[in-house]
Amino acid sequence: MISEEKREYVKYRIEKAYQTYDAAKVLADNEFWNSSVNRLYYSLFFAVNALLVLNDIEGKTHATAKRQFSLQFVKTGKFDKKFGRLLNELYDWRQKADYEVIFDYDRDTVLPLFEPVKEMLDLVDKEIKNTL
């Protein structure tokens, strides 16, 4: 049985994931490419965090969330390996976008990320709904 508090937290985090994805689109529409990469990564982080919490798996830090998602969902075959790679890649790209002194992503790099991120969000959401 899932507690009401956990259920509400998970719902909030997956909603936050979709809101953050929408923010990434607004940023991309205005050609804020580095910020868009940041929001795309965080949309996945929020979704993965919701999935981990729902399954009583520790995943509060970025490193733990990535590792546990890989161990519990990718290596078990629940999610395709491409989604583990996507999460890791976006983490690295976000780090670069946020902390490199002189670095900018561009349209050709960022726009192709939207489809796989949305696909992963939808799959995580589906997994959550099947468990709730």
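Everything below is about the structure shown above.
Keep in mind that what you see is a predicted model, and the values were worked out from it rather than measured. (Residues numbered from 1 in each chain as written. Predicted model: local features only at pLDDT ≥ 70, side-chain atom pairs only at ≥ 80, totals over all residues. Heavy atoms only, no water.)

Colleague: Help me understand the packing of aromatic side chains, please; the structure alone is not making it clear to me.
Modeller: The way to describe two aromatic rings as a pair is by their centre distance and the angle between their planes. Scanning the entire structure with this criterion turns up 12 aromatic pairs. Centre to centre, the rings of tyrosine 41 and phenylalanine 45 are 6.1 Å apart; their planes meet at 25°, and the pair counts as stacked. Taken together, the residues span about one helical turn, with tyrosine 41 and phenylalanine 45 both in helix α2 (residues 33–54) at a distance of four residues. Judged by centre distance (5.8 Å) and plane angle (45°), the ring pair of tyrosine 42 and phenylalanine 46 falls under tilted. Of this pair, tyrosine 42 and phenylalanine 46 both sit in helix α2, four residues apart, which is roughly one turn of the helix. Since its relative accessible area comes to 16%, tyrosine 42 is described here as buried. (Phe/Tyr/Trp six-rings, centres within 6.5 Å; stacked < 30°, edge-to-face > 60°. Helix = DSSP H or I, 4+ residues; strand = E, 2+ residues; numbered from the N terminus. Buried < 20%, exposed > 50% of the residue type's maximum accessible area, 1.4 Å probe, protein only.)

Colleague: Could you clarify how one ought to interpret helix α6 (residues 114–131) in this entry?
Modeller: Counting along an α-helix, one turn takes 3.6 residues, and residues three or four places apart therefore face a common direction. Taking 1.5 Å per residue as the helical rise, α6 with its 18 residues ought to reach 26 Å, and the 26 Å between its terminal C-alpha atoms agrees with that figure. Along α6, the positions that sit buried rather than exposed are Phe114, Val117, Met120, Leu121, Val124, Asp125 and Ile128. Seen along its axis, α6 keeps its buried residues to an arc of 135°; they face one direction. For α6, the exposed residues lying more than 90 degrees away from the buried face are Glu115, Lys126, Lys129 and Asn130. Of the surrounding elements, those touching the buried residues of α6 are α1 (4–29), α2, α3 (62–74), α4 (81–99) and α5 (107–110). (Expected span 1.5 Å × (residues − 1). Arc of directions from axis to C-beta. Contact = heavy atoms within 4.5 Å.)

Colleague: Mind showing me how you'd approach the packing of α2 against α3 here?
Modeller: Packed helices, taken two at a time, are described by the angle between their axes plus the distance between the axes. Closest axis-to-axis distance for the α2/α3 pair is 10 Å, and the angle between their directions is 60°. Considering their axes alone, α2 and α3 lie oblique with respect to each other. For α2 against α3, the interelement crossing comes out left-handed. When α2 is examined against α3, the residues Tyr41, Tyr42, Phe45, Val48, Leu51 and Leu52 are found in contact with a partner set consisting of His62, Ala65, Gln68, Phe69 and Phe73. The class makeup of the residues in the contact of α2 with α3 is nine nonpolar, two polar and no charged. (Axes fitted to C-alpha atoms, helices over the stretch in contact; angles between N-to-C directions. Parallel < 35°, antiparallel > 145°, perpendicular 65-115°, else oblique. Left-handed = near helix turned anticlockwise from the far one by under 90°. Nonpolar A, V, L, I, M, F, W, Y, C, P; charged D, E, K, R; others polar.)

Colleague: Please explain the packing of α1 against α2 as it appears in this structure.
Modeller: Two numbers describe how α1 lies on α2: the axes approach to 8 Å, and their chain directions differ by 165°. Taken together, the axis directions place α1 and α2 in an arrangement best described as roughly antiparallel. Relative to α2, the crossing made by α1 is left-handed.

Keep in mind that these numbers describe shape and distance, not what the molecule does.
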